[in-house]
Amino acid sequence: MKFGVVVFPGSNCDDDTVHVFRHILGQEIVKLWHKSTNLEGCDFLIIPGGFSYGDYLRSGAIARFSPIMDKVIEHANAGGYVLGICNGFQVLVEAGLLPGVLLRNDHQKFNSKNVYLRAATNHSLFTGDLDLTRAYKVPVAHAEGRYFTDEATLKQIIDNDQVLFRYCDADGQVTEAANPNGSLDNIAGICNAGRNVFGLMPHPERASDPLLGNTDGRILLEQLLAVTA
Amino acid sequence: MKFFAEINVLPQKEILDPQGKAVKLGLHNLGMDAIDNVRIGKRITLEVEADSQEAAEAQVKTACEKLLANLIMESFDFVVKPL
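What counts as what
Along each chain, numbering runs from 1 in the same order as the chain's sequence is written. Written order determines the labels here, with chains lettered from A and ligands numbered from 1. Totals for whole chains, interfaces and linings use every residue, but because this is a predicted model, local features are given only for residues with pLDDT of at least 70 and side-chain atom pairs only at 80 or more, for both listing and counting. The side-chain quantities take in all heavy atoms of the structure and omit both hydrogens and water. Working definition: helices are DSSP H or I runs of at least four residues, strands are E runs of at least two. Numbering for both runs from the N terminus. Between buried and exposed lies partly exposed: a residue is buried under 20% and exposed over 50% of the maximum accessible area for its type, with that area taken using a 1.4 Å probe on protein chains only. Contact criterion: two residues are considered in contact whenever any of their non-hydrogen atoms come within 4.5 Å of each other. In these tables, accessible area is a Shrake-Rupley quantity obtained with a 1.4 Å probe, and a residue counts as shielded only by the protein chains included in the view. As used throughout, the charge tally considers Lys and Arg to be positive and Asp and Glu to be negative, leaving His and the chain termini uncounted. One atom stands in for each charge, and that atom is NZ of Lys, CZ of Arg, CG of Asp or CD of Glu. Accessible surface is computed with a 1.4 Å probe, and the buried area is the amount of it that two parts give up when combined, taken over both parts together. For salt bridges, the criterion is a side-chain nitrogen of Lys or Arg within 4 Å of an Asp or Glu carboxyl oxygen. N or O atoms closer than or at 3.5 Å make up a polar contact, with two conditions inside protein: a donor-capable atom paired with an acceptor-capable one, and, for residues adjacent in sequence, both atoms drawn from side chains. When residue character is reported, Ala, Val, Leu, Ile, Met, Phe, Trp, Tyr, Cys and Pro are called nonpolar, Asp, Glu, Lys and Arg charged, and the others, Gly included, polar. UniProt positions are given in the numbering used here, feature names are shortened, and annotations may be inferred rather than shown by experiment. In this scheme, a helix's expected span is set at 1.5 Å multiplied by one less than its residue total.

Digging into the overall build of chain A
At step 1: Broken down by element type, chain A carries 5 helices and 11 strands.
At step 2: Taken along the three principal axes of its C-alpha coordinates, chain A extends 45 × 35 × 30 Å.
At step 3: For chain A, the proportion of its 229 residues judged to be buried stands at 58%.
At step 4: Within chain A, residue pairs in contact and separated by at least 24 positions form 75% of the contacts whose partners lie at least 6 positions apart.
At step 5: Accessible area for chain A stands at about 8900 Å²; split by element, carbon and sulfur atoms hold 47% of it.
At step 6: Taking the 19 positively charged and 26 negatively charged side chains of chain A as two groups, their mean positions are separated by 3 Å.

Shown next, in the form of structure tokens:
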């Protein structure tokens, strides 16, 4: 299993992601420049956090048309795995690989803090072995993280079990107070109908190195390694 | 022929627009209490080469649908004039 991190101008979590996958999870991982159209044999693509193209127009909107994105879409449509973290999630919704959009936080402020997440299902590679009753502490850092979609699509993704993570409090209760950005139904992360494309706003790669004092994010990322087994 | 397009992109009415809400509060703080439903969007202008008005409008519409607006959260309108 070879991982690839797509780097756009303005990506800023690419190095964190490479560090965690290479040194903490012991995986082979390379960076893929957005102007390239060669996925270098990567089996699992990660679109990292950051501010691709300065968030101009809408977060993720311009990155979606970078040359490599046609290959990423092709890879996803062929069943290949793709994970978008934060800005990467925004890029994947703009690319139409995941349903919905990420709007400006309801309180209009940039969120930079630890939040708690609860896995909503075990029916996905990303959440396969997670404890559904546990609250995982993972940081968020975003201004546009309010998950939104029309009612019909919301019903569809809930019925299809595509909601992977919800914001909750430290006790695992999914409450309005624990929702950091006004996301519909406290949604923090989802997958596509094919269950091979994942997106979430929180940053598990920032909570993986023991040096940083929190390794809950590592538990999330370790789920992905089930494909290598 | 060259055409000039003026495009407005606005958040959809049913979606909470926190920017508009904050600005409305500011206006109320100025004493302008009669103002309501402030919504903030983008104004985009561009020039486009086309054979006719219709062809120019078709290009602008495609640009709006494919990139300039995200129809899940925004609506758009535009005016195209010959330059």
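Quick look at the interface of chain B and chain A
At step 1: Between chain B and chain A, the residue contacts involve 14 residues of the former and 14 residues of the latter.
At step 2: Regarding the contact of chain B and chain A, the summed buried area is about 1300 Å², with carbon and sulfur atoms giving 69% of it.
At step 3: Of all residues in chain B, Pro18(B), Leu67(B) and Ile72(B) give up the largest surface area on contact with chain A, accounting jointly for 38% of the area buried on that side.
At step 4: Here Arg58(A) ties to Glu74(B) by a salt bridge, and the two come within 3.6 Å at their closest N and O atoms.
At step 5: There are 6 residue pairs in polar contact (both at pLDDT 80 or more) connecting chain B and chain A.
At step 6: Listing elements by their share of the side of chain B that touches chain A, those giving two or more residues are helix H1 (18–29), strand S2 (42–49) and helix H2 (53–68) of chain B.
At step 7: If you tally residues by element for the side of chain B that touches chain A, the top one is H2(B), at 3 residues.
At step 8: Partitioning the side of chain B that touches chain A into residue classes produces 9 nonpolar, 2 polar and 3 charged.

A few points about the UniProt feature "active site" (unreviewed entry) in chain A
Residues and elements named next belong to chain A.
At step 1: In the numbering used here, UniProt assigns the feature "active site" (unreviewed entry) to Cys86, His203 and Glu205. These residues run over 120 residues, yet every pair of their C-alpha atoms falls within 10.9 Å of each other.
At step 2: Examined against the element boundaries, His203 turns out to sit in the loop between strand S11 (197–200) and helix H5 (216–224).
At step 3: Judged by relative accessible area, His203 falls into the buried class, the value being 1%.
At step 4: Ignoring any residue separated from it by four or fewer positions in sequence, one finds His203 in contact with Cys13, Gly49, Ile85, Cys86, Val138, Pro139 and Ala141.
At step 5: Along the chain, Glu205 falls in the loop between S11 and H5.
At step 6: Sequence-distant contacts of Glu205, defined by excluding residues within four places in its chain, comprise Cys13, Asp16, Thr17, Val20, Ile85 and Leu221.
At step 7: A polar contact of 2.8 Å, which involves the side chain of Glu205, links it to the side chain of His203.

A short note on H1(B)
At step 1: Over its 12 residues, H1(B) runs 17 Å from end to end, which matches the ideal 16 Å to within 8%, given 1.5 Å per residue.
At step 2: Where H1(B) ends, the next residue or the one after it, Gly31(B), has phi of about 90 degrees, a positive value.

Quick notes on the pattern of salt bridges
Pairing is possible between side chains of opposite charge, provided their charged atoms come close.
Residue and element names in this part refer to chain B.
At step 1: Tallied over the entire structure, the rule returns 16 salt bridges over all chains.
At step 2: Among the ionic pairs, Lys81 bridges to Glu6, the shortest N-O distance being 3.6 Å. Within this pair, whereas Lys81 is found in strand S3 (residues 74–82), its partner Glu6 is found in strand S1 (residues 2–11), the two being separated by 75 residues in sequence.
At step 3: Residue Lys81 is classed as partly exposed on the basis of its relative accessible area of 43%.

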